[in-house]
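One letter stands for each residue in the lines below.
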Amino acid sequence: MGMAPQFGANPFAAPAGVGAPDPYAAAAEAFAAAWRAALGSGMQGSVEDRAAAVSRLSDFLRSRFADLSAFAALGPQRVQQQRSARMVEAALRMQEAQGEIGRLWLDALRDAAGSFAQRCADPAHAATAPAEIYDAWIDCAEDAYARMAHGEAFCTAHAKLIDEQCRLRKHMKTIVELWSKELDLPTRSELNSLHRTVKALRSELARAPPAPVKPAKTARARNKGKPR
Amino acid sequence: MSTDPIRALAAAQHAAVGASPRDVIFERDKLTLYRYRPIARPARAAPLLVVYALVNRPYMLDLQPDRSLIRGLLGAGLDVHLVDWGYPDGADRFTTLEDYLETQLHACVAEVLRCARVDSLNLLGVCQGGTFSVCYGALHPERIAKLVTMVTPIDFQTPADLLSKWVRGIDVGAWIDDGNIAGETLNQAFLALMPWRLLQQKYVKLLGAPPDARRLENFVRMERWITDSPDLAGTALREFLTWFYQENRLVHGTLQIGGRTVDLSSLRRPILNLYGARDHLVPPAASAALERLTGSTDYTGHELDLGHIGMYVSDRAQRQVPPLIADWLTCTRRR
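Residues numbered from 1 in each chain as written. Chains lettered and ligands numbered in written order. Predicted model: local features only at pLDDT ≥ 70, side-chain atom pairs only at ≥ 80, totals over all residues.

S.K.: Tell me what's going on with the overall build of chain A, and back it up with residues and numbers.
M.R.: Across its full length, chain A carries 7 helices and 0 strands. The order of helices and strands in chain A, counted from the N terminus, is α-α-α-α-α-α-α. Within chain A, buried positions represent 8% of all 228 residues. If you take every contact in chain A between residues at least 6 apart in sequence, the share linking residues at least 24 apart comes to 54%. (Helix = DSSP H or I, 4+ residues; strand = E, 2+ residues; numbered from the N terminus. Buried ≥ 20, exposed ≤ 12 C-beta atoms within 10 Å, placed from the backbone. Contact = placed C-beta atoms within 7 Å.)

See below:
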């Protein structure tokens, strides 16, 4: 065998510039380093440190797997591999959309905190009882949330998140559907087909003229011809 | 009564919902039509059919004896009927709005008319049920004597309508696909309209106040109703969100149900429209739009200082709303 052919981008390849002779060993070392960083110093620090460590690990994994579609799919499992790759891509896009919503929420919380601080500093609105202070915070938080929720940026991000969730669900359903076929279980498309048929039959039945009512037989007519 | 609010809340879990005696007079698949037993001398009014939304259960209108719109109407001598759409399941995923309006609601109307031996009835639509009632009234004006709408969205794109802003951006077809949408999902959307108040403050206030058995039972009943959300038939929901929220067809006069245009200008019967000034789900402007769109020359609008839920269960609503509706329905003077 000569040199292995290159089939597009390899997520296990070492980052550009590292110059490692063995890309798989370099990738393994990069993975180990990322996990060590996340589980080591980050996890032992404050909440912010831990969040930052998780975020760094997430960014690392995304950078390595972002281009799965370019990873050559060959052989009898080609279709399954492509399907899985599409699902991973959809999951990553959904994660990004969630991140955008999270950023907007943080902005709204910052806005709420600013309003709350102003309100507390204002002698005209100074609350002293814990319940009053709490209610004042809720007012500020809800107002800030409403400003964000009515805004164009949030509506767009919200719609994007739902759309990405739908795409992910669609990929998952495709895989479940295939597994159901393999296991000879009823699939969603088969059931839908039956539901459509039942609905059409019901509509037809509702439109049909009522069946003529047969006159009730008298006792004599019922007994006619019967042996006594 | 325990002084520990957590124990007191646990003790209140037995609180039952639904108060007024009633009989089933018609059933078809998951649809049930009830007739409430009279509690007062009959008033001179056509039978009343109450149409509730698909998104929650109608027992909110008869939650407990002292918080019951239906009991208030019965007390005024009205002959009250109620449509219960039931809990759709996977087999109902292809049920359309036409099925709900032209088959199910139509069958209920026919049954009430048949039982009462009259040609027309009074229709009371609540929330989405009000939208349905308006559509039905426009399609079948000969069957409606008077129309009452409560917290009913008509214009689905008013500036204060947050739900509408969220819905307008999403790919409804992809979201619903061919399936039903879980009641919990919609519930979360409703709670997300005011998350701090609805998911936090109300519980803090509940547990912060001295435990009171009656108040806690009321709270438990409300909680049970809020979380008792039926799944929504996928096709009907897709039509509702697309046609009403995204395309605002009712306002533009382009809505078609079963191939027939729903023309609100053909709605010429007397209309009483009640809506809440503090309604965060259906802003007042969304309901008030009915006045400019209807062809009725006998339109009465009332903006009450209430929220969406308060319109059915608040103490003030018990004093104001049933008498308002009953007086209007029984009033025979020419308007």
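S.K.: Please give an account of the overall build of chain B that cites residues and values.
M.R.: A tally of helices and strands in chain B yields 15 helices and 12 strands. At 20 Å, chain B has a C-alpha radius of gyration in line with the 20 Å of a compact globule built from 335 residues. Across its three principal directions, the C-alpha atoms of chain B cover 60 × 55 × 35 Å. Split into buried and exposed, the 335 residues of chain B put 44% on the buried side. Taking contacts inside chain B between residues at least 6 apart in sequence as the whole, the part at least 24 apart equals 80%. (Rg over C-alpha atoms; globule rule 2.2 N^0.38 Å.)

S.K.: If you had to explain the nonpolar core to someone new, which residues and values would you point to?
M.R.: Residue and element names in this part refer to chain B. Among the nonpolar cores identified, the biggest contains 104 residues, and Leu49, Val50, Val51, Leu73, Val83 and Val126 are the most heavily contacted of them. Among the elements that make up this core, the one with the highest residue count is helix α3 (residues 97–116) (7 residues). Aside from chain neighbours lying at most four places away, what touches valine 50 is Leu61, Val80, His81, Leu82, Val83, Leu124 and Val126. (Core = buried A, V, L, I, M, F, W, Y, C linked by C-beta atoms within 7 Å.)

S.K.: I'd love a proper account of the sheet that holds strand β3 (residues 48–51) of chain B, names of residues and values included.
M.R.: Consider a sheet: its strands pair through backbone hydrogen bonds, and that pairing is either parallel or antiparallel. Residue and element names in this part refer to chain B. Here 8 strands make up an open sheet; going across it, the order is β1-β2-β6-β3-β7-β8-β11-β12 and the pairing mixed. A single partner strand is all that each edge strand has here, and the edge strands are β1 (22–28) and β12 (299–304). Strand-to-strand, the axes of this sheet are offset by a mean angle of 20°, without reference to chain direction. Bridging between β3 and strand β6 (residues 80–84) involves 4 bridges; their strand directions are parallel. When the sheet's bridge partners are listed, valine 51 is paired in β6 with valine 83. Helix-sheet contacts for helix α4 (residues 128–139) involve β3, β7 (121–126) and β8 (144–150), and the interaxial angle to β7 is about 145°. (Pairing = 2+ DSSP bridges. Axes fitted to C-alpha atoms, helices over the stretch in contact; angles between N-to-C directions.)

S.K.: Please set out the pairing of β1 of chain B residue by residue, giving values where relevant.
M.R.: All names here are of chain B. One ladder, built from 6 bridges, connects β1 with strand β2 (residues 31–36); its direction is antiparallel. Opposite arginine 28, over in β2, you have leucine 31 as the bridge partner. Linking two consecutive strands that pair antiparallel, namely β1 and β2, is a turn of 2 residues; a positive phi of about 50° is found at aspartate 29 within it.

S.K.: Any chance you could break down the domain arrangement of chain A for me, citing the residues and the numbers?
M.R.: Domains assigned within chain A are domain 1 (19–65) and domain 2 (77–192). Taking the mean C-alpha position of each, domain 1 of chain A and domain 2 of chain A sit 25 Å from one another. (Domains from an automatic or database assignment.)

S.K.: Describe in detail the packing of helix α5 (residues 152–182) of chain A against helix α5 (residues 162–169) of chain B, supporting the description with residues and values.
M.R.: When two helices pack together, you describe them by how their axes are tilted relative to each other and by the distance separating the axes. Where α5 of chain A contacts α5 of chain B, the two axes come as close as 8 Å, and the packing angle between them is 50°. Taken together, α5 of chain A and α5 of chain B sit at an angle that is classed as oblique. Crossing handedness for the pair α5 of chain A and α5 of chain B: right-handed. Each of Cys155, Thr156, His158 and Ala159 of chain A in α5 of chain A lies in contact with α5 of chain B, whose residues at this interface are Lys165, Trp166 and Gly169 of chain B. Classifying every residue of the contact of α5 of chain A with α5 of chain B gives 3 nonpolar, 3 polar and 1 charged. (Parallel < 35°, antiparallel > 145°, perpendicular 65-115°, else oblique. Left-handed = near helix turned anticlockwise from the far one by under 90°. Nonpolar A, V, L, I, M, F, W, Y, C, P; charged D, E, K, R; others polar.)

S.K.: With reference to specific residues and values, describe helix α9 (residues 213–227) of chain B.
M.R.: Residue and element names in this part refer to chain B. With 15 residues, α9 should reach 21 Å at 1.5 Å per residue; the first-to-last C-alpha distance of 21 Å fits that figure. Here α9 has its buried residues at Leu216, Val220 and Arg221. One side of α9 carries all its buried residues, which in axial view fall inside an arc of 140°. Buried residues in α9 make contact with α1 (5–11) and β4 (62–64). (Expected span 1.5 Å × (residues − 1). Arc of directions from axis to C-beta.)

S.K.: Describe in detail the interface of chain A and chain B, supporting the description with residues and values.
M.R.: Residue-level contacts link 20 residues of chain A with 20 residues of chain B. Looking at the side of chain A that touches chain B, the elements with two or more residues in it are α4 (130–149), α5 and α6 (188–207) of chain A. Broken down by class, the residue content of the side of chain A that touches chain B amounts to 11 nonpolar, 5 polar and 4 charged.

S.K.: Mind laying out unusual backbone geometry, listing which residues take part and the relevant values?
M.R.: Residue and element names in this part refer to chain B. The phi dihedral of aspartate 29 is positive, around 50°, even though this residue is not glycine. Checked against the element boundaries, aspartate 29 lands in the loop between β1 and β2. A positive phi is found at asparagine 248, a non-glycine position, where the angle reads about 50°. In this structure asparagine 248 comes out as partly exposed when scored by C-beta crowding, with 19 C-beta atoms within 10 Å.

S.K.: Lay out helix α15 (residues 315–330) of chain B in plain terms, naming residues and giving numbers.
M.R.: With 16 residues, α15 of chain B should cover 22 Å at 1.5 Å per step; its first-to-last C-alpha distance of 23 Å lies within 8% of that length. The secondary structure elements touched by the buried residues of α15 of chain B are β3, α2 (69–75), β7, β8, β11 (271–276) and α14 (310–313) of chain B.

S.K.: Describe the pairing of β3 of chain B, with residues and values.
M.R.: All names here are of chain B. With burial as the criterion, each face of β3 is covered, one bearing Leu48 and Val50 and the other bearing Leu49 and Val51. Note that β3 and β7 share 4 bridges and pair parallel. Across the sheet, the residue bridging to valine 51 is glycine 125, located in β7.

S.K.: Outline the confidence of the model for chain A, supporting the account with residue identities and numerical values.
M.R.: Residues and elements named next belong to chain A. Of the residues in chain A, 79% have a pLDDT of 70 or more, and the chain-wide mean is 81. Here helix α7 (residues 219–223) is the element of chain A with the lowest mean pLDDT, 58, and α4 is the one with the highest, 95. Here residues 1–9 is modelled with pLDDT under 50, and outside its nearest four sequence neighbours on either side it reaches 7 contacts, counting other chains as well. (pLDDT = per-residue confidence, 0-100.)

S.K.: Describe the environment of glutamate 96 of chain A, with residues and values.
M.R.: For glutamate 96 of chain A, the location among the structural elements is in helix α3 (residues 78–121). C-alpha of glutamate 96 of chain A to C-alpha of leucine 178 of chain A: the two residues are 82 residues apart in sequence and 28 Å apart in space.

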